[in-house]
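# Observations on chain architecture
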Amino acid sequence: MACATMRTTRVAAARSSAFAGRSTALRRCVGRDVASTRMMAASLQFIRGLDEESVPDVKLTRSRDGTSGTATFVFDEPAVFEATGELGDITGLYMIDDEGTIQTVDVQAKFINGKPSKIEAKYVMRSSGDWNRFMRFMEKYAESNGLGFNKA
């Protein structure tokens, strides 16, 4: 709420040279306020800046005490295989949303008859905080892609 209050005083503060430094800080605060209200679609990337178009199968496991877990992503014929040579190499799986980026480098390509056919990636969650953050990401990703959750 402090940013909303400062937004109304920014014009008055900018007119006075005594508040010139503060008006810059106020503008930054207002910029963060506006950016935080904008919903960013969740996406998966193998190459930074290139969203993966294919939707993976995701399998989750969790320890009995809830302190750790694993997410296994399986992408059948991902679009990244077509762009790999032009835009760079696959450096990991990046899960990007409005909270930031979750990443794993445990990524393996599977080949059939010498041609890439699928990618498997594993993300290991070592704490309940990691699990909760991952689940928030997956809820946003599911909403962005019209997916659902089936409990086994």
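This is a predicted model, so every value here is computed, not measured.

Attention now goes to the overall build of the protein chain. Within the protein chain, the secondary structure is distributed over 4 helices and 8 strands. Going from the N terminus to the C terminus, the protein chain shows its helices and strands as α-α-β-β-β-β-α-β-β-β-β-α. Taken across its 152 residues, the protein chain has 31% of its residues classed as buried. A separation of at least 24 residues holds for 62% of the contacts in the protein chain among residues at least 6 apart in sequence. With the model as given, the accessible surface of the protein chain reaches about 10,000 Å², and the carbon-plus-sulfur share is 50%.

This model, assessed by the stated rule, comprises 5 aromatic pairs. Taken together, the ring pairs in this structure connect Phe46, Phe73, Phe75, Tyr123 and Phe134 into an aromatic cluster. Seen from the ring of Tyr94, Arg48 lies directly overhead, with NZ or CZ sitting 4.2 Å from the centre.

A few words on the sheet that holds strand β6 (residues 100-104). A sheet is described by the order of its strands in space; here 4 strands give the open sequence β2-β1-β5-β6, paired in antiparallel fashion. Two strands bound the open sheet, and with one partner strand each, they are β2 (50-51) and β6. Here strand β1 (residues 43-47) runs beside strand β5 (residues 93-97); their pairing, made up of 3 bridges, is antiparallel. Bridge pairing in β5 links Ser43 to Ile96. Its contacts with the sheet put helix α4 (residues 128-145) on β1, β5 and β6, and the angle it makes with β5 is roughly 75°.

Turning to the pairing of β5, a few remarks are in order. Among the 5 residues in β5, 5 count as buried, and that is most of the element. Of the two faces of β5, the one lined by Leu93, Met95 and Asp97 and the one lined by Tyr94 and Ile96 are each fully buried. Bridge count for β5 against β6 is 5 bridges, and the pairing is antiparallel. Opposite Leu93, over in β6, you have Thr104 as the bridge partner.

Once that is clear, we can look at the environment of Ala121. Residue position: Ala121 is located in strand β8 (residues 115-125). Residue classification places Ala121 among the buried residues on the basis of a relative accessible area of 0%. Put simply, Ala121 and Val74 are 47 residues apart on the chain and 6.7 Å apart in space, counted from C-alpha to C-alpha. Residues in contact with Ala121, not counting those within four places in the same chain, are Ala71, Thr72, Phe73, Leu93, Asp106 and Val107.

The next point concerns the sheet that holds strand β3 (residues 57-62). The 4 strands lie next to each other as β3-β4-β8-β7, forming an open sheet whose pairing is antiparallel. Looking at the sheet topology across the chains shown, the edges are occupied by β3 and β7 (106-112). Neighbour-to-neighbour, the strand axes of the sheet open up by a mean angle of 15°, direction not taken into account. In the sheet, strand β4 (residues 69-76) pairs with β8 via 8 bridges, with the strands oriented antiparallel.

This prediction gives the protein chain a mean pLDDT of 77; 71% of its residues lie at or above 70. Note that pLDDT drops below 50 for residues 1-38; the model gives that stretch 17 contacts with residues more than four away or on any other chain.

Conventions adopted
- Residues numbered from 1 in each chain as written.
- Predicted model: local features only at pLDDT ≥ 70, side-chain atom pairs only at ≥ 80, totals over all residues.
- Heavy atoms only, no water.
- Helix = DSSP H or I, 4+ residues; strand = E, 2+ residues; numbered from the N terminus.
- Buried < 20%, exposed > 50% of the residue type's maximum accessible area, 1.4 Å probe, protein only.
- Contact = heavy atoms within 4.5 Å.
- Areas by Shrake-Rupley, 256 points an atom, 1.4 Å probe, with all protein chains shown as cover.
- Phe/Tyr/Trp six-rings, centres within 6.5 Å; stacked < 30°, edge-to-face > 60°.
- Lys NZ or Arg CZ within 6 Å of the ring centre and 35° of its normal.
- Pairing = 2+ DSSP bridges.
- Axes fitted to C-alpha atoms, helices over the stretch in contact; angles between N-to-C directions.
- pLDDT = per-residue confidence, 0-100.

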